[in-house]
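Structural description and commentary
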Amino acid sequence: MCAAPGGGKSLVLAQLLLAREHQAALALEDSRPDGGADSSSSSSSSPNSRRSRATANASEDKEEQAESAAFSGSLVCNELDASRRARLVRVLRDYVPVPARYRIRVTPHDGARFWGRQEAEQYDRVLLDAPCSSDRHVLQQAAARVGGSGGSGVGNGSGSSSLSATSISVPRSDWSLQRCRRIAAQQVKLLAAAAQALKPGGRLVYSTCSILDLENDQVVDRVLERGGDSLRVLHPPAAAAALEAAGAQRARHGWLLLPDGPLDCGPIYLAVVDKVGSSSFRRVKQNKYAPK
């Protein structure tokens, strides 16, 4: 739903989707008998010939159905901002092979408005990597202004995650609790639209790069309240094991990976939500967030 700026998420999803389909196509090719359908040279009037043609036609029908199933997947990459969307298109053009590219669509919609209203219950999977307060990026930018290269103690992915708080001043325009509340309100709208776009039985991943419960678990709380019994939070065992091995902390609904962990990356929050049934989403009173 928020595919830009770099297109990396879209490339990973395309690779996973198309890899499964490619394997299905290879398996289909291996299953075809040698010699193809034209294996009979007997007279067309003989019963054996008619049975052979019927068998061949049935085999072709099954192959066509299998091919249709194997290549039925598609990927929609949405980005509202025009310049980011143009960059996304360039990345997909550069890295996705032509046959697969025709099954990837780039759209310009306002995610909070479009998906729940215009394409409700149309998607098997949704990834919402939502815009957030980007705490670490804000600190890195402030450090860069002070030190010229971000070298004032803010981790930059090279192994150091310490922060010298006395040397960095973050402008209120870049970070404030009120700004975070506005962002969280937008995240609720986006996540509700993502849940509405899911088919019953579908699954979504909600993620941010914020440390704030306000933008993480509390957003999931609001959407669960809106969706009622149609939504439930999941903790897939394989994902849980991988995240916890990477040092992620368990949150109420998801996981939080912090920069002081063994991988020196993050913050990354993610939660997995299943849609177990069709439901109209209720409106919930605004301003229910408690400062934390």
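Here the structure is shown first, and the text comes after it.
We now turn to the structure provided with this report. (Residues numbered from 1 in each chain as written. Predicted model: local features only at pLDDT ≥ 70, side-chain atom pairs only at ≥ 80, totals over all residues. Heavy atoms only, no water.)

**Some thoughts on the pairing of strand 4 (residues 198-208)**
- In this structure, strand 3 (residues 123-129) lies alongside strand 4, joined through six bridges in parallel fashion. Directly across from Leu127, in strand 4, lies its bridge partner Val205.
- Examined bridge by bridge, strand 4 and strand 8 (residues 268-275) share six bridges and lie antiparallel to one another. Residue Thr208 lies in a different strand from strand 8, and its bridge partner there is Tyr269. (Pairing = 2+ DSSP bridges. Helix = DSSP H or I, 4+ residues; strand = E, 2+ residues; numbered from the N terminus.)

**A look at the pattern of salt bridges**
- As enumerated under the stated definition, the model contains nine salt bridges in all.
- Where Asp274 meets Arg203, a salt bridge forms, and the shortest distance between an N and an O atom there is 3.0 Å. Of this pair, Asp274 sits in strand 8 while Arg203 sits in strand 4, placing them 71 residues apart in sequence.
- With a shortest N-O distance of 3.7 Å, Asp274 and Arg232 are connected by a salt bridge. Note that Asp274 is positioned in strand 8 and Arg232 in strand 5 (residues 231-234), a separation of 42 residues in sequence.
- For Asp274, a relative accessible area of 8% puts it in the buried group.
- Using a relative accessible area of 45% as the deciding quantity, one classes Arg232 as partly exposed.
- Salt bridges linked by common partners bring Arg203, Arg232 and Asp274 together as one network. (Salt bridge = Lys/Arg side-chain N within 4 Å of Asp/Glu carboxyl O. Buried < 20%, exposed > 50% of the residue type's maximum accessible area, 1.4 Å probe, protein only.)

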